[in-house]
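One letter stands for each residue in the lines below.
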Amino acid sequence: MATPGATVGFIGLGLMGRGFAERLIANGHTVVGTDVRAEALAAAGALGVRTVGSAAEVAAASDHVLACVTTPKDLDKVVRGDAGVLSASGLAGKVFVDHSTTDIPLTRSLAAALAEAGMGFLDAPVSGGPGAAQTGTLAIMAGGAAMDFGKVEPILAGLGRTTLMGDVGAGQATKLVNQTLVLTNYCVIAEAYRLAEAFGVDAAKIPHALAPGHAGSNLLEALMPRLAAEDFAPRGYARQILKDLEMLHTATRDMPLALPMAGQALTLYRLLVASGKAELDGSSVVTLYPKATPAETAR
């Protein structure tokens, strides 16, 4: 059973990973981490993370290992690649927790490979962004064995609300539901912002005005002021949103489902990334919507 002072490994110290690491340290954990980028290692080291050179070193030095990397290919590499987790000794009894958004077939394959080494596995993707990671208010949707969940639950409880959704793969399936709701809503909020702008409404006041009604949401509160300020500094990259939408499309392609709104969002983010805005925040999708001035609306 993990204790509040457990040594927690963390693989992937980017925007999300740094937030995770800062929260884990605040919760009393020693954090051992790695990343492929020197600048990410330096930033994490400044927070108090003990940085090492490989995923294998993280796994060897930690009671349990958490990971949050960009792509499924990255995740496969940190588990099964050279100097990956599986090349470390002493894995028996530990649990690997994948906080990335990963396709379900790879999730199950990695879980099986880790099980052969005696290591448990949870797919536990998150929602809320770097700010929620830093404050411990993430939504964490987990899939895996109850025994493995129990080992790391004290760690995860300090990161946000964690719900065990079912067996391995259930966390990623729930994340697909989350992304259908959130990423289509990015596009809807952008559309609503342009509507408010066209009628001369102060869009920064929209979240407060609508909060008591059914339109109120934490995403509206987070996005609308940034749209009004044209603040597209990345809290999450547009390229990552596109990756998640492509994953949703692939996962459901052969199923008898109709997802027209998600399909439209996929098209918009393909356009956004193709226009050179991959490194901006996902809210920059609003730039695909033409502006209309109040004077034009009054005609």
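Conventions adopted
Residues numbered from 1 in each chain as written. Predicted model: local features only at pLDDT ≥ 70, side-chain atom pairs only at ≥ 80, totals over all residues. Heavy atoms only, no water. Helix = DSSP H or I, 4+ residues; strand = E, 2+ residues; numbered from the N terminus. Rg over C-alpha atoms; globule rule 2.2 N^0.38 Å. Buried < 20%, exposed > 50% of the residue type's maximum accessible area, 1.4 Å probe, protein only. Contact = heavy atoms within 4.5 Å. Areas by Shrake-Rupley, 256 points an atom, 1.4 Å probe, with all protein chains shown as cover. Lys, Arg positive; Asp, Glu negative; His and termini not counted. Charge placed at Lys NZ, Arg CZ, Asp CG, Glu CD. Axes fitted to C-alpha atoms, helices over the stretch in contact; angles between N-to-C directions. Parallel < 35°, antiparallel > 145°, perpendicular 65-115°, else oblique. Left-handed = near helix turned anticlockwise from the far one by under 90°. Nonpolar A, V, L, I, M, F, W, Y, C, P; charged D, E, K, R; others polar. Domains from an automatic or database assignment. Buried area = accessible area lost by both parts, 1.4 Å probe. Salt bridge = Lys/Arg side-chain N within 4 Å of Asp/Glu carboxyl O. Polar contact = N/O pair within 3.5 Å; in protein donor to acceptor, adjacent residues only side chain to side chain. Expected span 1.5 Å × (residues − 1).

- You'll find the protein chain entered in an unreviewed UniProt entry as NAD(P)-dependent oxidoreductase, with Acuticoccus sediminis given as the organism.

## Brief notes about the overall build of the protein chain
Working step 1: Each helix and strand in the protein chain was counted, giving 13 helices and nine strands.
Working step 2: Its C-alpha radius of gyration of 20 Å places the protein chain within 12% of the 19 Å reference for a compact globule of 299 residues.
Working step 3: If one aligns the C-alpha atoms of the protein chain with their principal axes, the spans along those axes are about 75 × 45 × 35 Å.
Working step 4: With 299 residues in all, the protein chain has 47% of them scored as buried.
Working step 5: If you take every contact in the protein chain between residues at least 6 apart in sequence, the share linking residues at least 24 apart comes to 68%.
Working step 6: Total accessible area computed for the protein chain in this model is approximately 13,700 Å², and 58% of it derives from carbon and sulfur atoms.
Working step 7: Here the protein chain contributes 23 positively and 27 negatively charged side chains, and the mean placements of these two sets differ by 3 Å.

## So, the packing of helix H8 (residues 170–198) against helix H12 (residues 260–274)
Working step 1: Following both chains from N to C, one finds H8 and H12 inclined at 65°, their axes separated by 9 Å at the closest point. By the angle between their axes, H8 is roughly perpendicular relative to H12. Of the two elements, H8 crosses H12, and the hand of that crossing is left-handed. Here Leu183, Thr184, Tyr186 and Cys187 of H8 come into contact with H12, specifically with Met261, Ala262, Ala265, Leu268 and Tyr269.
Working step 2: Taken together, the residues of the contact of H8 with H12 sort by class into eight nonpolar, one polar and no charged.

## Some details on the environment of Ile241
Working step 1: Examined against the element boundaries, Ile241 turns out to sit in helix H11 (residues 238–252).
Working step 2: Taking the relative accessible area as the measure of exposure, Ile241 reaches 8% and is therefore buried.
Working step 3: Residues Ile241 and Leu268, 27 residues apart in the sequence, show an inter-C-alpha distance of 11 Å.
Working step 4: Residues contacting Ile241, with those up to four places away along its chain left out, are Leu183, Tyr186, Tyr269 and Gly282.

## Notes on the domain arrangement of the protein chain
Working step 1: The domains assigned to the protein chain are domain 1 (7–167) and domain 2 (173–288).
Working step 2: Computed over C-alpha atoms only, the centres of domain 1 and domain 2 are separated by 27 Å.
Working step 3: Between domain 1 and domain 2, the contact holds 13 residues from the first and 13 residues from the second.
Working step 4: Across the domain 1 to domain 2 interface the summed buried area is about 1,100 Å²; carbon plus sulfur atoms make up 65%.
Working step 5: Counting across the interface, domain 1 meets domain 2 through zero salt bridges.
Working step 6: Where domain 1 meets domain 2, there are five residue pairs in polar contact (both at pLDDT 80 or more).
Working step 7: Residues belonging to the side of domain 1 that touches domain 2 are distributed by class as follows: eight nonpolar, four polar and one charged.

## Considerations on helix H1 (residues 15–26)
Working step 1: An ideal rise of 1.5 Å per residue puts 16 Å on 12 residues; H1 measures up with 17 Å between its terminal C-alpha atoms.
Working step 2: Turning to H1, its buried residues are Met16, Gly17, Gly19, Phe20, Ala21 and Leu24.
Working step 3: Looking one or two places after H1, you find Gly28, whose phi comes out positive at around 95°.

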